[in-house]
Amino acid sequence: MKRGPSPFNLVSVALGFAFLYLPIVILVIYSFNASRLVTVWGGWSLVWYRELLNDEAILSAAWITIRVAVLSASAATVLGTLAAVSLTRMGRFRGRLLFSGMVYAPLVMPEVITGLSLLLLFVALNVDRGFWTVVIAHTTLTTCFVTVIVQSRLIGFDRSLEEAAMDLGCPPLKTFMTITLPLIAPAIAAGWMLAFSLSLDDLVIASFTTGPGATTLPIRIYSEVRLGVKPEINAICTIMIAVVALVTVVSSLITRRDASQQKQAALGAQV
Amino acid sequence: MAAVDEHLSRGGRAPLIRFEAVSKRFGVVAAVETLTLDIGEGEFFALLGPSGCGKTTLLRMIAGFETPGEGRIFLGGEDIVPVPPHRRPVNMMFQSYALFPHLTVEGNIAFGLRQENVGREEIAMRVAEMLGLVRLQGLGGRKIHQLSGGQRQRVALARSLIKRPRVLLLDEPLAALDKKLRAETQFELMELQRKLGTTFVIVTHDQEEAMIVADRIAVMNQGRLMQVATPTEIYEQPNSRWVADFIGEVTIIEGRAAGPGTIASALGPLAVADRDTGAGKTMWLALRPEKVSMSAERPAGATNTIAGTVSEIGYRGEMSAYKVRLADGSLMKVSIANVNARGRAPYAEGDAVWLSWPPDAGILLVS
Amino acid sequence: MQGHQQTRGWGGRLVILLPYLWLAVFFLAPFVIVLKISLSQSVLAQPPYAPVLDLAAGWPGLTAFVAQLSLDSFRLLASDSLYLLSYLKSLQVAAISTAILFLLGYPIAYGMARAPKAWQPMLVMAVVLPFWTSFLIRIYAWINILQRDGLLNDVLIRLHIIDTPAAWLSSDTAIYIGIVYSYLPFMVLPLYASLERMDESLLEAASDLGCPAWKAFWLITFPLSLPGVAAGALLSFIPIVGEFVIPDLLGGSESQMIGQTLWIEFFSNRDWPVASAIAIALLGLLLVPILFYERLQQRSLEGART
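Residues numbered from 1 in each chain as written. Chains lettered and ligands numbered in written order. Predicted model: local features only at pLDDT ≥ 70, side-chain atom pairs only at ≥ 80, totals over all residues.

Peer 1: Got a sec to walk through the overall build of chain A? Specific residues and values, please.
Peer 2: Helix and strand counts for chain A come out as 11 helices and zero strands. Written out in order from the N terminus, the α and β elements of chain A read α-α-α-α-α-α-α-α-α-α-α. Projected onto the principal axes, the alpha-carbon positions of chain A cover approximately 70 × 60 × 30 Å. Buried positions account for 49% of the 271 residues belonging to chain A. (Helix = DSSP H or I, 4+ residues; strand = E, 2+ residues; numbered from the N terminus. Buried ≥ 20, exposed ≤ 12 C-beta atoms within 10 Å, placed from the backbone.)

Structure follows, in structure tokens:
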């Protein structure tokens, strides 16, 4: 829309963002508080970060969480991309309706249901719960998010690019590798990062599907938080926020470069 | 096979592409209906028709992006229906150009050759040759988004020609260009086609473009061929009212055969060139506007003379298009070249005028 | 244009089969197991339910298994008001939160869509960013603020609005704050997407035809944004009904949402059949909104192709 924002628009956006960011900012600031009491400001300090470095339990949980997130995000990216290709490039096939149903349902399915059902599956299959069951559970959950992201990119994609490649003698699989894949790469990267952060974030499904020796960071934080506010938790949260913010900024720079190239292309076409 | 014989007798060239009773449906909509067509070797062939007439589907069938529901398609005598697009010796220039945005100009042009294990040196040589052919020397290293619309069009052309295809398919290749550039490019395309001798099949909805570039035109409507002929034949000898009306401007007068060389119409008896009209049959006389002359006085000795009143004048620069109201209330289109440099239009709205035309100016149609 | 109708090779089949099988095994099949266990009885054993299907026993084993299935867990759900109240509470919280989210989210999304084009990617990123930081962290941030000696009470006392610290935490108010805070991006983004897509010449045409701006909003902008409203509402409502973390950390103990009830039955009471029955009943409750959401997704993602 071209018409400029009205004062009402500006105020609502400003208030909205204040609401979204204020709690996080407060959390970050208090992670640097020298005092153990939240209301008392004891001056800037890194004491809780130092404490964190000595907390074996938190560190090992963090390491497990990162490994789970990398593995499940990678698997989900492969599966999700394949699913997106199936839904946009394969025309009709038997069971397509069920397939698209299974792809979109986990996006809104309450986590307690997904978690419980996966756990009961693992029990029925007599699988020992632990690291790998969490990886499988997170892959299942995040595949669908990857699919939706890649799918919307594939739909916005000029189909005649693929036809042109085949017309010039490029077989279908090679066309996918040399033309389609490079052009949807930003969406695949975005899908991976979303899957990664969802896995990093998940408490409920991990609680159901985990086992001995595979306590993830959210499970650890949850059990600490139930006992009350602890400045160490503020510190670990701040680190997680910093990591996610960094990843988001980098990825948005990548996609913005992509978008600005497309914009230039559109402008060029009018010359 | 009448079309084939007719064609062979004219040029003596063998058909390169043959559609044999080809049908294609999308759901319930028939895009192409039992269509039979031959396209000769070395021809510049145009598929012309309103949007949705099936012309693009036909083109995409040659490329292999659509499979016919029924019928067969031959290329050089071989049935190509089972051949996938990447194994067909035809190349296509897309309406959107479909240039790969992540490759350079050179990368785009070389793409086809890279699929065939052609040596590095030969690729470089042929890309340079193509850049020269489309006058893009020195732009090989550019990215696609750094090019103007006209330059992109030429990259797309070069990319589709580099494999020396047996047929070049052009899907509305000039639609994205402005009018002036389009006119120049039309002549460039013709020159290129003559130079290379490759068969070109172009899809267009612009009849002027089809008439200028093509050796033969297939006029299509609702998945069927209405007429396949040279541009002159299509314009001067349309085979139906639909084609006469679709191509250019025309006035159609309904009449009934009344003896040799005469038809009876609401405007009285009209002399026509055809002798054997067959008594009593309903016929239509199609008159192109430029073939009718207009005068203030009744012209002496003219065969078909009719009185009327100027109802509308459309000034178009090089000529003016008149609509003249006739005695039966119908309108006749007349166009008159504006030969007079600063002359005002010779007739004004409301003027009483006389129209006349020789018997062989009209086209007699039976359908 | 129709898709290619080439015969699919093994490679093409694999592309479909791999994600298909994965989702069938890890998403669809588990529901069958949940259904089966919801019809079982709780026992003190490992696994803590009976009967256990013994495929080795063949047909007699199967009939014995079917004979032992019972609706006891569902009868318990229907008879004990605890469960019914949990469901009602969940629906109530979800409905009210969705309404609040819509009222808060619409002005934000509308403001974003009206902002200069150059800012919009930044604004979208700013909405998405908190969504990328951990859910748990965001709830934890609110515990910091809402607890008895937290920032909110501190500020209110300093401003002399209240004299003694109020108990914000462990209340429905805290649940609503936490839910609205966590789900705001889910509401704002679909709304923004539908508002941003809108052709501005529609509003120009309306004003050209004599329609004042406020009326044009109700007659043009709002009706055209309804798909976004529906998407945002469903994306919020469905998961909120099954929400566990927020009511568990911010809510009080006097009443539970159904997600908490399920969690407690499973982890504390170790009554797997009842937990499964709760899940099945919850799924039944959400079936209509989920199917509605699926149609919406299919139309927006796949409808664009034809």
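Peer 1: Any details on the overall build of chain C? Residues and values, ideally.
Peer 2: When its secondary structure is counted, chain C shows 14 helices and two strands. Over its C-alpha atoms chain C spans a radius of gyration of 25 Å, topping by over 25% the 19 Å that the globule rule assigns to 306 residues. Of all 306 residues assigned to chain C, the portion counted as buried reaches 42%. Considering only intrachain contacts with a sequence separation of at least 6, the fraction spanning at least 24 residues in chain C is 72%. (Rg over C-alpha atoms; globule rule 2.2 N^0.38 Å. Contact = placed C-beta atoms within 7 Å.)

Peer 1: I'd like to hear about the sheet that holds strand S6 (residues 90-93) of chain B, residue by residue, with values.
Peer 2: Residues and elements named next belong to chain B. Spatially, six strands are ordered S6-S7-S8-S3-S9-S10 in an open sheet, and the strand pairing comes out mixed. At either margin of the open sheet sits one strand with a lone partner, and together these are S6 and strand S10 (224-229). Direction aside, neighbouring strands of the sheet carry axes that sit 20 degrees apart on average. When strand S9 (residues 216-221) meets S10, the two strands line up antiparallel, connected through five bridges. Within the sheet, the bridge partner assigned to Asn221 lies in S10 and is Arg224. Against the sheet, helix H2 (residues 55-63) touches strand S3 (44-48), S6, strand S7 (167-171), strand S8 (199-204) and S9, its axis set at about 145 degrees to S7. (Pairing = 2+ DSSP bridges. Axes fitted to C-alpha atoms, helices over the stretch in contact; angles between N-to-C directions.)

Peer 1: Can you break down the packing of helix H3 (residues 56-89) of chain A against helix H6 (residues 131-155) of chain A residue by residue, with the values?
Peer 2: Residue and element names in this part refer to chain A. Relative to each other, H3 and H6 sit at 40 degrees, their axes nearing to 5 Å. The angle between the axes of H3 and H6 places the two elements in the oblique class. In this structure, H3 crosses over H6, and the sense of that crossing is right-handed. Looking at side-chain class alone, the contact of H3 with H6 contains 17 nonpolar, 11 polar and no charged residues. (Parallel < 35°, antiparallel > 145°, perpendicular 65-115°, else oblique. Left-handed = near helix turned anticlockwise from the far one by under 90°. Nonpolar A, V, L, I, M, F, W, Y, C, P; charged D, E, K, R; others polar.)

Peer 1: Give me the interface of chain A and chain C: which residues, what numbers.
Peer 2: In this complex, chain A contributes 76 residues to the contact, which on the side of chain C involves 83 residues. Listed by contribution, the elements that provide at least two residues to the side of chain A that touches chain C are helix H1 (7-31), H3, helix H4 (96-108), helix H5 (111-124), H6, helix H8 (172-201), helix H10 (217-225) and helix H11 (231-270) of chain A. Top element by residues in the side of chain A that touches chain C is H1(A). It accounts for 12 residues. When its residues are assigned to classes, the side of chain A that touches chain C shows 54 nonpolar, 17 polar and five charged.

Peer 1: Quick rundown of the sheet that holds strand S2 (residues 29-40) of chain B? Include the residues and the values.
Peer 2: Residues and elements named next belong to chain B. Ordered by their spatial adjacency, four strands build an open sheet running S2-S1-S4-S5, and the pairing between neighbours is antiparallel. The outermost strands of the open sheet, each flanked by one partner alone, are S2 and strand S5 (78-79). In terms of strand pairing, strand S1 (residues 15-26) meets strand S4 (residues 70-75) through five bridges, oriented antiparallel. Bridging across to S4, Glu20 finds its partner in Arg72.

Peer 1: Describe in detail the environment of C:Val180, supporting the description with residues and values.
Peer 2: Residue and element names in this part refer to chain C. Assignment of secondary structure puts Val180 in helix H8 (residues 172-196). Put simply, Val180 and Leu104 are 76 residues apart on the chain and 8.9 Å apart in space, counted from C-alpha to C-alpha. In contact with Val180, other than residues within four places in its own chain, are Ser97, Ile100, Leu101 and Leu104.

Peer 1: Could you give an account of the nonpolar core, with specific residues and numbers?
Peer 2: Core analysis: the largest hydrophobic core is formed by 155 residues, its most contacted members being A:Leu116, C:Ala109, C:Ile139 and C:Ile278. Here C:Ala109 is in contact with C:Val188, C:Leu191, C:Tyr192 and C:Leu195, once residues within four sequence places are set aside. Listed in part, the 100 residues of the second largest apolar core include B:Val22, B:Leu131, B:Ala218 and B:Met283. (Core = buried A, V, L, I, M, F, W, Y, C linked by C-beta atoms within 7 Å.)

Peer 1: Before we move on, can you summarise the packing of H8(C) against helix H11 (residues 226-241) of chain C with the specific residues and values?
Peer 2: Residues and elements named next belong to chain C. It is at 7 Å that the axes of H8 and H11 come closest, and there the two elements cross at 160 degrees. Between H8 and H11, the angle falls in the class roughly antiparallel. The two elements H8 and H11 cross, and the hand of that crossing is right-handed. Contacts between H8 and H11 involve Ile179, Tyr183, Phe186, Met187, Pro190, Leu191, Ala193, Ser194 and Leu195 from the first element and Pro227, Gly228, Val229, Ala231, Gly232, Leu235, Ser236 and Ile240 from the second. The residue makeup of the contact of H8 with H11, split by class, is 13 nonpolar, four polar and no charged.

Peer 1: Break down H1(A) for me, citing the residues and quoting the values.
Peer 2: Residue and element names in this part refer to chain A. Look at H1: 35 Å from first C-alpha to last across 25 residues, which is about the 36 Å you get at 1.5 Å a residue. At Tyr21, H1 shows its largest bend, some 35 degrees, and a proline, Pro23, comes one to four positions later. For H1, every residue scored as buried is listed here: Ser12, Val13, Gly16, Leu20, Pro23, Leu27, Tyr30 and Ser31. (Expected span 1.5 Å × (residues − 1). Bend = angle between axes of the 7 residues up to and from the residue.)

Peer 1: Let's hear about unusual backbone geometry: which residues, and what values?
Peer 2: All names here are of chain B. The phi torsion at Ala98 lies on the positive side, around 50 degrees, for a residue other than glycine. Topologically, Ala98 is positioned in the loop between S6 and helix H3 (105-114). Assessed through the 24 C-beta atoms surrounding it within 10 Å, Ala98 is described here as buried. Despite not being glycine, Glu172 shows a phi value in the positive range, around 40 degrees. By the element assignment, Glu172 lies in the loop between S7 and helix H6 (179-196). Judged by local crowding, Glu172 falls into the partly exposed class, with 19 C-beta atoms found within 10 Å.

Peer 1: Just give me the short version of H2(B), but keep the residues and values in it.
Peer 2: Residues and elements named next belong to chain B. Burial runs high along H2: nine of the nine residues are buried. Residues of H2 that are buried: Lys55, Thr56, Thr57, Leu58, Leu59, Arg60, Met61, Ile62 and Ala63. Just downstream of H2, Gly64 is the residue with a positive phi angle, here 100 degrees.

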